[in-house]
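Fold and geometry: a report
If you want the building blocks of each chain, they are given just below.
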2 protein chains.
Amino acid sequence: MYRTHTLGQLNEKNIGEKVTLSGWVHRRRDHGGLIFIDLRDRYGMTQIVSDPTHNAETHATTESMRSEFVIKAEGTVRMRPDGMENIKLVTGKIEVLIDTVEILNPAKTPPFEIEHPEEKEREVNEEIRLTYRYLDLRRERMKNNIVMRHKTIKCMRDFFDNKQFLEIETPILVKGTPEGSREYIVPSRLYPAHFYVLPQSPQQMKQLLMVAGMDRYFQIARCFRDEDQRGDRQPEFTQLDIEMSFVTEKDIMDLNEELMIKLVETLVPHKKILKKPFPRITWKEAMDRFGSDKPDMRFNMEICDVTEIVKSCSFQVFQNAIKSGGVVKALKVEGGASFSRKEIDELTELAKVYEAKGLAYITVEKEGPSGAIVKYFEKKELDELLSTTEAKNGDIIFFGADRYEIACTALGYVRLACGDKMKLRNKDTYAFCWINEFPLFEYSKETKQLTASHHPFTSPLPDDRSMLKNSPEKVRAIAYDLAMNGSEVAGGSIRIHNSALQSEIFDTLKISKQDAERRFGHLLRAFQFGAPPHGGIAWGIDRLIMLFQDEKNIREVIAFPKDQKAKDLMLGAPSELPDDQIAEMHIKIAQPQKEIL
Amino acid sequence: MYRTHTLGQLNEKNIGEKVTLSGWVHRRRDHGGLIFIDLRDRYGMTQIVSDPTHNAETHATTESMRSEFVIKAEGTVRMRPDGMENIKLVTGKIEVLIDTVEILNPAKTPPFEIEHPEEKEREVNEEIRLTYRYLDLRRERMKNNIVMRHKTIKCMRDFFDNKQFLEIETPILVKGTPEGSREYIVPSRLYPAHFYVLPQSPQQMKQLLMVAGMDRYFQIARCFRDEDQRGDRQPEFTQLDIEMSFVTEKDIMDLNEELMIKLVETLVPHKKILKKPFPRITWKEAMDRFGSDKPDMRFNMEICDVTEIVKSCSFQVFQNAIKSGGVVKALKVEGGASFSRKEIDELTELAKVYEAKGLAYITVEKEGPSGAIVKYFEKKELDELLSTTEAKNGDIIFFGADRYEIACTALGYVRLACGDKMKLRNKDTYAFCWINEFPLFEYSKETKQLTASHHPFTSPLPDDRSMLKNSPEKVRAIAYDLAMNGSEVAGGSIRIHNSALQSEIFDTLKISKQDAERRFGHLLRAFQFGAPPHGGIAWGIDRLIMLFQDEKNIREVIAFPKDQKAKDLMLGAPSELPDDQIAEMHIKIAQPQKEIL
């Protein structure tokens, strides 16, 4: 038997008990003949003491122990001497005087230290952490991330089970979609020249489950996307996937809002939800007010439209934007008149990242509006600008003049940066917000063609159906996202269940009957046999847990993530394979081995 | 709004209420002007009635409805007329007289009928069922299988969560093992000539989690095996995967036994567990008594060793077997003297499938032992055979004479067949049994070399370690299986955590240091940093649910299975892919397209 108690269990009530403990040597301290060991496991830390006068042989073994050795010790629980208690630990009032000890496994010196839970974590190069992930996971912070992940997902499952949802496993080996350039492919051994692919999401499967009458489906689903690893993406990621029959957008939003509130209140009760029920605004309103389709609503600092006010001004930049059908937007930042030249330059660079040509601004000084562009405006225009933006002495007004989306988006990011500067983005406050009425279509920059913003099964708003033919870009979708402090944490839509409407959408997207059959044949066929009205939503679980844990990237909340170049540094994957294993799949390597990253 | 109630909810208490219902038209019956519709959803069935005198327009719509149409109806709940109740349905005392009705979606005639829950299911060709899986899943039996799957897995998760286990997701894109000929491979786009593979199980990952100090891990894990699809296998399957630190074999058996009892008592309470606690026997005892490493213990009919009794008989078959170091085993079947020639021939063929050369037998008649081989025995030998096997008038004794494992196994299968004949294998009785002390190694028929029976990290019994060098085939493992009515439902082992012992095992398996590094490097490296003693087990979830549901193959309990040739008939996977998608992965197709199955 390895242990009678875990290392987070013993306290004053156990004084005098004989116990057996096992765990990792965290620290060994030699003090005047006595040796103290902080013994660690997942559950906590217990101090054991070896006294040479009590058992000399045990003491000799104890002397040979180093950090991260795995040991087993037997002894008796006693009070720590006065003044030696550690009130931060559950086990901090007791210690175990050991009779015998056994080294279950020695350990080499780890490449980085496993800090004491109470110590500040040291910075370690991420490559080393990922290579030795099994050591990295021993660190308090990482362990807590994994525990939180377990608890979050358990809470989700209990919630849905309680509401009569069925968790249904959908396949990982599925059929490729012809335009599926982000798909991982899996050659078939049994069918030469044939391939499975790994799903980017269970989208079609969950719709088929609705046709099958399953009514309420959810799944914690692994998804795969072979993207260039910009930013915070992983080749495999986890999604909370939901689909329901006979529901409206409101039903889905209400249910998911209930879940989110439950998760926050249960798992991160120290976080304060700013507003319940969550605000629900349209995509247009979100863009207008916050310059974002996932606004951070922890702070106000809203964007105003000033196109009307400045339409006659002599500032060429504004004039040009307006003449080309664009808009002029303004963002007032309270107290921003104190921004340094350098700060304003940085904000300008940020705006340019989002395609703005620059970032004009006016500061409000005691003497009135000031700055390089003031001279282009009449006094009346300046007065109106100040009153519309409610700018006062000490404030700054930034302008975005461009196509609607660029003007909004660039100012939206400037807004976030100013929110940071002004410390308005408190990590312990959660501001949730539903965004709906997204555009159904968007123009693909590459193909210059209309594509579905979400997927071609997303239902248009009934009111907008008449615009499908002539103004498709104006058609809004019954689609909704849940934003949390400026991150999108979930998104979904009501699907089309009517085949006439589906055909109209395909026509708008210039998808021929033949193409539709080739790409979505199994789904369209299924829809002919009695498809119920249905809709759903999917949550990015990795990101949610990252936010719960105040982490900066999703790798921190995944036990064994790939690095930013899609490599598993611990396993050494991907790797070369023996020729015969590759040949068995009826494929050959097409070019000499060379890293292209 | 689509519904105020699901179709399994309304009863006498709702009489007089205005309700809105949605669902599928199950049956429409026209009776003297009135139309009755059984409206179906996942939750049940509710009868709605259209009366032309109540609403003529609604009635006209109702007349156009056919099976599997999706409709929405509004109306008022009322009692069914006397004598028209259906006591088998929760909703069987009421019906809903409808005011308005809307066809939400029409349906083509399905390729097979969706039976009424109370009707006997019709046999449908499996290919058609799998092609139209979304219709197949509407059938009561299939729906119940999916519901049971959800409940079973939920129950497992609650159990482990309650015992401080963490569910941890391990990656699906992992590193290939050089001998991994059953692995699906995934070419990397970013690293030409490099591949990920899909895991056959999270074995190494869960051991790494123990090194990481996670202490108690479980996962409902998707696993992949690219096998020739003999029998009841799927390319992807689901495993309940468990690993624990600081535990013994007994700890793991106790815990999993507790879970199994909980599952049965909660989910299939009509099934009777024959013996609690579950019997625990060694592999040797299981082979000796039942001729199987996964004995069906619902019935006795045990095998006896009669080598000593017949060692001097003049029957050449027995003599040859004994002289080559083999054994003679006997299986008495009560009442088996009445087996027809044809039945005995069938049993003989069965024995031959398991490599027996034939199936000698003696029947016991009123006059005494009888049959072709009786003449080769002395009376004393016959008497001893009868007394050892406790054979009485009317019984039959079958013999297996061969190498130990063949003699046992062949009789083991004959035993199962006789159990079926004698109706001793009642599907509503569950006989569980733990088997342990499996051989650590086995000889591979292909390579004529010693291989690990389970995997090379399985710990030997401490007592047997001394035989590693000279009699490795005699070394037993700390490995254990859970058998259920003759099926293996779970299997696991205690792992080696000591590097000296691990080296000894690699030596025995003739795995060089270099090979070990190449194949298991990341694991062996991890073990140097303080690996705790650990062990685990994995359950085959598909099979378990199949047994719970009295199904004959695991495809019946998987929502979207592949067929027996690894095809997804509904999706049409695997499929061809566009050339550029293949080229992007730096691979080429190696031979012209041709089905090899």
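Please read all numbers here as calculations on a predicted model, not as lab measurements. (Residues numbered from 1 in each chain as written. Chains lettered and ligands numbered in written order. Predicted model: local features only at pLDDT ≥ 70, side-chain atom pairs only at ≥ 80, totals over all residues. Heavy atoms only, no water.)

1. Considerations on the overall build of chain A
The condition is simple: By the criteria applied, helices consist of DSSP H or I runs no shorter than four residues and strands consist of E runs no shorter than two, each listed in order from the N terminus. Each residue's exposure class comes from its accessible area (1.4 Å probe, protein chains only) as a fraction of the maximum for that residue type: buried when under 20%, exposed when over 50%, partly exposed otherwise. The contact definition used throughout considers only heavy atoms, calling two residues in contact when any of these lie within 4.5 Å. Only the protein chains shown count as cover for residues, and the accessible areas themselves come from Shrake-Rupley with a 1.4 Å probe. Charge assignment: positive for Lys and Arg, negative for Asp and Glu; neither His nor the chain ends contribute. Positions of charges follow a simple convention, taking NZ of Lys, CZ of Arg, CG of Asp or CD of Glu.
Summing up its helical and strand segments, chain A has 16 helices and 25 strands in all. Dimensions of chain A, computed from the C-alpha atoms along their principal axes, are close to 95 × 75 × 55 Å. Going through the 597 residues of chain A one by one, you find that 59% of them count as buried. Contacts in chain A between residues far apart in sequence, at least 24 positions, make up 69% of those at least 6 positions apart. Accessible area of chain A: about 25,000 Å², with a carbon and sulfur share of 49%. Across chain A, the mean location of the 87 positive side-chain charges is 2 Å away from that of the 93 negative side-chain charges.

2. Digging into empty space enclosed by the protein
Threshold: Using a grid of 1 Å spacing that covers the protein atoms alone, one calls a set of points a cavity when a 1.4 Å probe fits there but cannot get out, and a pocket when the set is open and has protein on both sides within 12 Å along at least five of seven lines; lining residues are those with an atom within 4 Å of a point. Grid points are joined across faces, edges and corners, and a volume is the space filled by probe spheres set on the points. Ten residues, namely Ala, Val, Leu, Ile, Met, Phe, Trp, Tyr, Cys and Pro, are considered nonpolar, four, namely Asp, Glu, Lys and Arg, are considered charged, and the remaining ones, Gly among them, are considered polar.
Inspection of every chain in the model, using the stated rule, returns five cavities of 30 Å³ or more. A volume near 150 Å³ is recorded for the largest cavity. If you go around the largest cavity, you meet 17 residues; those closest to its centre are E169 of chain A together with R222, E236, T238 and I558 of chain B. Sorting elements by how many residues they give to the lining of the largest cavity places strand β10 (residues 236–245) of chain B first, with three residues. The class makeup of the residues in the lining of the largest cavity is eight nonpolar, three polar and six charged. The space that makes up the second largest cavity amounts to roughly 110 Å³. In terms of lining, the second largest cavity is formed by 15 residues, of which the most central are R222, E236, I558 and F560 of chain A together with E169 of chain B. The leading source of residues in the lining of the second largest cavity is strand β10 (residues 236–245) of chain A, at three residues. Considering only residue class, the lining of the second largest cavity consists of six nonpolar, three polar and six charged.

3. Details of the domain arrangement of chain A
As a reminder of what qualifies: Per the annotation, domain bounds derive from an automatic or database assignment of domains.
Each assigned domain of chain A is listed with its residue range as follows: domain 1 (12–105), domain 2 (143–278 + 434–567) and domain 3 (300–425). The straight-line distance from the C-alpha centre of domain 2 of chain A to that of domain 3 of chain A is 36 Å.

4. As for the sheet that holds strand β15 (residues 360–365) of chain A
All names here are of chain A. Worth spelling out the cut-off: Only strands that DSSP links by at least two bridges are regarded as paired with each other. Note on definitions: angles span 0 to 180 degrees between N-to-C directions of axes, and those axes are lines fitted to C-alpha atoms, for helices only across the stretch in contact.
Spatially, the five strands line up as an open sheet ordered β13-β14-β17-β15-β16, and their pairing is antiparallel. What marks the edges here is a single partner per strand, and that holds for β13 (303–305) and β16 (368–370). Each neighbouring strand pair of the sheet contributes to a mean axis angle of 30°, computed without reference to strand direction. The strands that helix α9 (residues 316–323) touches are β14 (327–333), β15 and β17 (396–402); relative to β17, the one it contacts most, it runs at about 40°.

5. Comments concerning the interface of chain A and chain B
Short version of the rule: Accessible-area loss on putting two parts together, using a 1.4 Å probe and summing over both, is the definition of buried area adopted here. For this analysis, a salt bridge means a side-chain nitrogen from Lys or Arg found within 4 Å of a carboxyl oxygen belonging to Asp or Glu. For the purposes of these results, a polar contact is taken to be a pair of N or O atoms within 3.5 Å, where, inside protein, one atom must be able to donate a hydrogen and its partner to accept one; residues adjacent in sequence count only when each atom of the pair is a side-chain atom.
The interface of chain A with chain B comprises 132 residues on the first partner and 132 residues on the second. Buried area between chain A and chain B, both sides added, is near 12,100 Å², and the carbon and sulfur share of it is 63%. Run the count over chain A and chain B and you get 12 salt bridges. R189 of chain B is paired through a salt bridge with D226 of chain A; the nearest N and O atoms lie 3.1 Å apart. Here chain A is connected to chain B by 56 residue pairs in polar contact (both at pLDDT 80 or more). At 10 residues, the largest contribution of residues to the side of chain A that touches chain B is made by helix α4 (residues 140–162) of chain A. Both strand β25 (residues 587–589) of chain A and strand β25 (residues 587–589) of chain B contribute to a ladder of three bridges, which runs antiparallel.

6. Re the relation of the copies chain A and chain B
In this structure, two copies of a chain are linked by a rotation about an axis accompanied by a shift along it. Using the following cut-off: Least-squares superposition of the copies uses the C-alpha atoms of those residues scoring a pLDDT of at least 70 in each of them.
Superposition of chain A onto chain B requires a rotation of 180° combined with a translation of 0.0 Å along the rotation axis, giving an RMSD of 0.1 Å. Those values place the two copies in the arrangement expected of a two-fold rotation axis. Looking at chain A, 99% of its interface residues are interface residues in chain B too, so the copies touch through the same face.

7. Considering unusual backbone geometry
Omega for the bond connecting A573 of chain A with P574 of chain A falls within 30 degrees of zero, at 0°, which places this linkage in the cis form. Among the structural elements, P574 of chain A can be located in the loop between α15 (541–548) and α16 (579–583). At E355 of chain B, a position not held by glycine, the phi torsion is positive, near 80°. Among the residues examined, E355 of chain B registers a relative accessible area of 43% and is labelled partly exposed.

8. Comments concerning the sheet that holds strand β4 (residues 70–79) of chain A
Residue and element names in this part refer to chain A. If you walk around this closed barrel you meet the five strands as β1-β2-β3-β5-β4, and the pairing is mixed. With strand direction ignored, the average angle separating the axes of adjacent strands in the sheet is 55°. In the sheet, strand β2 (residues 34–41) pairs with strand β3 (residues 44–50) via seven bridges, with the strands oriented antiparallel. Across the sheet, I35 pairs through a bridge with S50, a residue of β3. Taken strand by strand, helix α1 (residues 56–63) contacts β1 (18–31), β2, β3 and β5 (94–105), and its axis lies near 65° from that of β5.

9. Some words on the pattern of salt bridges
Throughout the structure, instances matching the rule amount to 134 salt bridges over all chains. Its salt-bridge partner being R141 of chain A, residue E551 of chain A comes within 2.7 Å of it at the nearest N-O pair. Of this pair, E551 of chain A sits in the loop between α15 and α16 while R141 of chain A sits in helix α4, placing them 410 residues apart in sequence. E551 of chain A gets classed as buried once you look at its relative accessible area, which sits at 12%. Here E243 of chain B and R495 of chain B are joined by a salt bridge, their closest N and O atoms 2.6 Å apart. Of this pair, E243 of chain B sits in strand β10 while R495 of chain B sits in the loop between β23 (487–494) and α13 (499–508), and the two are 252 residues apart along the sequence. The two residues E243 of chain B and R495 of chain B agree in class, both being buried.

10. A word on the nonpolar core
Put simply, the rule reads: By nonpolar core is meant a set of buried Ala, Val, Leu, Ile, Met, Phe, Trp, Tyr and Cys residues that side-chain atoms within 4.5 Å join together.
Grouped together as the largest cluster of nonpolar side chains are 132 residues, with contacts concentrated most on Y134 of chain A together with Y134 of chain B. Setting aside residues up to four positions removed in sequence, Y134 of chain B forms contacts with L208, V211, A212, H522, R525, A526 and F529 of chain A together with M570 of chain B.

11. Quick notes on the pairing of strand β14 (residues 327–333) of chain B
Taken residue by residue, a regular strand's side chains alternate between the two faces of the sheet. Residue and element names in this part refer to chain B. Most of β14 sits inside the fold, with seven of its seven residues counted as buried. Residues of β14 alternate between two faces, with V327, K329, L331 and V333 on one and V328, A330 and K332 on the opposite face, all of them buried. In the sheet, strand β13 (residues 303–305) pairs with β14 via three bridges, with the strands oriented antiparallel. The residue of β14 that forms the bridge with I303 is L331.

12. So, the packing of aromatic side chains
Here a ring pair, both rings aromatic, is described through the centre-centre distance and the interplanar angle of the planes. What counts is decided by this rule: Put simply, two rings from Phe, Tyr or Trp (the six-membered ring, in Trp's case) pair if the centres are within 6.5 Å, and we call them stacked under 30 degrees between planes, edge-to-face over 60, tilted for the rest.
Tallying each qualifying case throughout the model produces 46 aromatic pairs over all chains. Between F246 of chain A and W24 of chain B the ring centres are 5.8 Å apart and the planes differ by 75°, which places this aromatic pair in the edge-to-face class. Here F246 of chain A is found in the loop between β10 and α6 (249–267), whereas its partner W24 of chain B is found in strand β1 (residues 18–31) on a different chain. Of the two residues, F246 of chain A and W24 of chain B, neither departs from the other in class, the shared state being buried. A centroid spacing of 6.4 Å and a plane angle of 20° characterise the contact between F339 of chain A and F398 of chain A, whose relative ring orientation is stacked.

13. Remarks on the side chain of S493 of chain A
All names here are of chain A. Inspection of the secondary structure puts S493 in strand β23 (residues 487–494). Judged by relative accessible area, which is 0%, S493 ranks as buried. Beyond its immediate chain neighbours, meaning those up to four positions away, S493 contacts H454, H455, T458, I478, A479, Y480, G535 and G536.

14. Let's talk about the environment of L509 of chain B
Residues and elements named next belong to chain B. With respect to the helices and strands, L509 occurs in the loop between α13 and α14 (513–527). As for L509 and A452, which are separated by 57 residues in sequence, their C-alpha atoms are 7.5 Å apart. If we skip the residues at most four places from it in the chain, L509 touches F441, L450, T451, A452 and P456.

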